[in-house]
Amino acid sequence: MEKVRQIAGRNIPRHVAIIMDGNNRWAKRRLLPGVAGHKAGVDAVRAVIEVCAESGVEVLTLFAFSSENWQRPADEVGALMELFLMALRREARKLNENGISLRIIGDRSRFHPELQAAMREVETMTAHNQRFVLQVAANYGGQWDILQATRRMVQEAQAGRLSPDEITPALFQSYLATGDMPLPDLCIRTGGERRISNFLLWQLAYAELYFSDLFWPDFKHQAMRRALVDFASRQRRFGKTGEQVESEVKAEC
């Protein structure tokens, strides 16, 4: 496993993944329609991007719309799609100006062609930016990701380009939607729930989990900084003992 980098004496995760939960409940508490919570959540996205970028995080993956979210009321889904399209068009230039590369991961086939075109346009515009990578998981599910990776590998094997003996965890990981990114070091979930809900199932095997009772629209700069401070206080052992890890750290100093 790669060692977590240190910046200004603190352990900094290379890759942070976030399940943005609680938009609807935030809106209901204010007697507002659910979509109002999703709109308010856009400000939290901006805040978290700012903190991650300034802290030295390299990759931020946001769970925006799961493959199960299609089961929500049709009017809410429609409003979410409109908000997603509007956000892509409105934020594209800002992302590009700030050196942020945007990637959309998930099955795009179910999205409207106009939305698919907007995704491609923003990805192309920001593809060469290297300051920071923002991944948005849309119509994404961890089980779907594992299945699509497996199907691609089977196709490679049937074409004679891959032998079963060559399949390793590292090779399998390269076929996932996040295959060219470092694995998440930290996974945050807001809204008070304590589960990962089919998000990055393979990738989160060794990630540190951080749960916040704040609804997503309220998870702003200070909340994100607290999560990073909490991460920095943890000892990541990856199956080793704490003494082994401490010995390795001393040996490197």
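Above this note sits the structure.
A word on the pattern of salt bridges. Inspection of the entire model under this criterion finds 19 salt bridges. Its salt-bridge partner being Glu76, residue Arg72 comes within 2.9 Å of it at the nearest N-O pair. For Arg72, a relative accessible area of 31% translates into the label partly exposed. Between Arg108 and Glu123 there is a salt bridge, with the nearest N and O atoms lying 2.6 Å from each other. Residue Arg108 is found in the loop between β5 (100–105) and α4 (113–126), and its partner Glu123 is found in helix α4; the two are separated by 15 residues along the sequence. Taken together, the shared-partner salt bridges in this structure form one network comprising Asp21, Arg25, Arg189, Glu193 and Arg195.

A few words on the state of the cysteines. Counted by the stated rule, this structure contains zero disulfides. Its sulfur unpaired, Cys52 is 12 Å from the next cysteine sulfur, which belongs to Cys187. What makes Cys187 buried here is its relative accessible area of 3%.

Calculation criteria
- Numbers given to residues run from 1 along each chain, matching the order in which its sequence is written.
- In keeping with the model being predicted, local features are shown solely for residues with a pLDDT of at least 70 and side-chain atom pairs are shown and tallied solely at 80 or more, while totals for entire chains, interfaces and linings include all residues.
- Water and hydrogen atoms play no part in the side-chain values, which are based on all heavy atoms of the structure.
- Each reported salt bridge corresponds to a side-chain nitrogen of Lys or Arg within 4 Å of a carboxyl oxygen of Asp or Glu.
- A simple rule labels every residue: compare its accessible area, found with a 1.4 Å probe on the protein chains alone, to the largest value its type can have, and call it buried under 20%, exposed over 50%, or partly exposed in between.
- By definition, any uninterrupted DSSP run of H or I lasting at least four residues is a helix, any uninterrupted run of E lasting at least two residues is a strand, and each is numbered from the N terminus.
- Disulfides are defined in this document as cysteine sulfur pairs within 2.5 Å.

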